[in-house]
Amino acid sequence: NSTVDWAAVKAGGIDFAIIRAGYGQLEDRNFKSNMEGAAQVGLPVGIYYFSYAINTVKAAEEAAHCCTLIKPYKIELPVFFDFEYDSETFGQKKGVTYTKALRTAICKAFCERVRAGGYTPGIYTNVDYITNRLNWQELTVYPLWLAQWPLGANRSISYDEISGSSVNTSYGKPMIWQIGYGKVSGIRTETDLNYCFLPMPRLPVPAEATAAFLPGDKVRVINTKSVGVKRAKLYNSDKTFVVYRNEYDVISVSGKRVVIGVGKTVTAAVNADDLRKI
């Protein structure tokens, strides 16, 4: 996706990123800049590695290379193995005949080498691979990143349309669901859109973002939870409110109690720790 403005990505409402470390035995040319950019704005990251493995030995070598690349960075989400149609096209040119057993063994070899490296392995795949190309029952121990665009190639499902019941759970509930392809603030090209069914890790917020809020400041609500829509806690309450916007205005401040809204229209009173200046 070329150069990414990670501050704009986060300000646009994105809560995490899965960044490509490499493919085959090569490092993605934007890997370091993407990892550093995401870390600077406090976005939790996971990894994916595109495979050209022709056997289990090559898959383990790819995994070892991946572990070397990601060692300097904090990885909050799994390291996902991406073996798909282009992987097979490459192998077939090398004379490989892929079977369900071979594909499954390749997935296991990568994932177990990643586990040995101290990371949580996962598998990125789609329904065709699950039902026709893998012995899926042997791989359900790994977190699933499911690529299934519910509305086809013409339109992505929106984040507001997602609920726990809207994802395909026929093959185990995915950790991450790829819902389509679209535009994200800070990325010039279109990119894959994904939804995670786990709360994102709470990373330290940069000091400049936690300085005292003043009326008129622009803020974003952080530490949200999603059950169909994003929600955040009200100040000193177990109740929540729906977070409809990526940007709010600070209306008033009293200690940790910060009243936010749109212009002068009040939305909610929120704990200062759950806000970040934009």
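This text goes with the structure placed above it.
Because the structure is a prediction, the values reported are computed rather than measured. (Residues numbered from 1 in each chain as written. Predicted model: local features only at pLDDT ≥ 70, side-chain atom pairs only at ≥ 80, totals over all residues. Heavy atoms only, no water.)

**Q** I keep staring at the overall build of the chain and nothing clicks. Help me out?
**A** For the chain, the helix and strand inventory stands at six helices and 16 strands. Taken over C-alpha atoms, the radius of gyration comes to 21 Å for the chain, in line with the 19 Å a tight globule of 278 residues would show. Looking at the chain as a whole, 46% of its 278 residues qualify as buried. Long-range contacts, defined here as pairs at least 24 residues apart, represent 64% of the contacts in the chain between residues at least 6 apart. As presented, the chain carries roughly 13900 Å² of accessible surface, and 50% of it is formed by carbon and sulfur atoms. (Helix = DSSP H or I, 4+ residues; strand = E, 2+ residues; numbered from the N terminus. Rg over C-alpha atoms; globule rule 2.2 N^0.38 Å. Buried < 20%, exposed > 50% of the residue type's maximum accessible area, 1.4 Å probe, protein only. Contact = heavy atoms within 4.5 Å. Areas by Shrake-Rupley, 256 points an atom, 1.4 Å probe, with all protein chains shown as cover.)

**Q** Teacher, can you tell me more about empty space enclosed by the protein here?
**A** Space left empty within the atom packing is revealed by a probe, the size of a water molecule, rolled over the atoms. Counted under the stated rule, the structure contains one cavity of 30 Å³ or more. Put simply, the largest cavity is a space of about 40 Å³. Residue lining of the largest cavity: F81, F83, C107, I123, Y124, T125, Y129 and L134, and that is the complete set. Ranked by residue count, the leading element in the lining of the largest cavity is strand β5 (residues 121–126), at three residues. Residues of the lining of the largest cavity, tallied by class, amount to seven nonpolar, one polar and no charged. (1 Å grid on protein atoms, 1.4 Å probe; cavity = no way out; pocket = protein on both sides within 12 Å on 5 of 7 lines; lining within 4 Å. Points joined across faces, edges and corners; volume = space filled by probe spheres on them. Nonpolar A, V, L, I, M, F, W, Y, C, P; charged D, E, K, R; others polar.)

**Q** Would you mind going over the pairing of strand β8 (residues 191–196) with me for this structure?
**A** With five of six residues buried, β8 lies mostly within the body of the structure. Examined bridge by bridge, strand β7 (residues 176–182) and β8 share six bridges and lie antiparallel to one another. Residue pairing for β8: G182 is matched across the bridge by T191. (Pairing = 2+ DSSP bridges.)

**Q** How should the environment of A11 be read in this particular structure?
**A** Relative to the assigned elements, A11 resides in helix α1 (residues 6–11). On a C-alpha basis, the gap between A11 and N246 in space is 6.8 Å, while along the polypeptide they are 235 residues apart. Here A11 is in contact with R220 and N246, once residues within four sequence places are set aside.

**Q** Quick question: what am I supposed to make of the packing of aromatic side chains here?
**A** Within a pair of aromatic rings, the relevant descriptors are the distance that separates the centres and the angle that separates the planes. For the structure on display, the rule yields 13 aromatic pairs. Taken together, a centroid distance of 5.2 Å and an interplanar angle of 65° make the contact between F80 and W145 edge-to-face. Residue F80 is found in strand β4 (residues 79–82), and its partner W145 is found in strand β6 (residues 144–147); the two are separated by 65 residues along the sequence. Taken individually, F80 and W145 each receive the classification buried, so the pair is uniform in this respect. Ring geometry for F81 and F110: centres 4.4 Å apart, planes at 25°, overall stacked. Taken as a pair, F81 in strand β4 and F110 in helix α5 (residues 100–116) lie far apart in primary sequence, 29 residues in all. (Phe/Tyr/Trp six-rings, centres within 6.5 Å; stacked < 30°, edge-to-face > 60°.)

**Q** Whenever I open this one, the packing of helix α3 (residues 56–70) against α5 confuses me. Can you help?
**A** Helix packing geometry: the angle between the two helix axes and the distance between the axes. Packing of α3 against α5 brings their axes to within 8 Å, and their N-to-C directions diverge by 30°. Relative to α5, α3 is oriented roughly parallel. The chirality of how α3 crosses α5 is right-handed. Of the residues in α5, those in contact with T56, A59, A60, E62, A63, A64, C66 and C67 of α3 are A105, I106, A109, F110, R113 and V114. When the residues that make up the contact of α3 with α5 are grouped by side-chain class, the tally is 11 nonpolar, one polar and two charged. (Axes fitted to C-alpha atoms, helices over the stretch in contact; angles between N-to-C directions. Parallel < 35°, antiparallel > 145°, perpendicular 65-115°, else oblique. Left-handed = near helix turned anticlockwise from the far one by under 90°.)

**Q** Sorry if this is basic, but what is going on with helix α4 (residues 85–93) here?
**A** In an α-helix there are 3.6 residues to a turn, and that puts residues three or four apart on one side. Residues of α4 that are buried include every one of S87, E88 and G91, and no others. The buried residues of α4 all sit within an arc of 90° when viewed along its axis, so they share a single face. Of the exposed residues in α4, those oriented more than 90 degrees away from the buried face are D86 and K93. Those residues of α4 hidden inside the fold are in contact with β3 (45–50), β4, α5 and α6 (127–133). (Arc of directions from axis to C-beta.)

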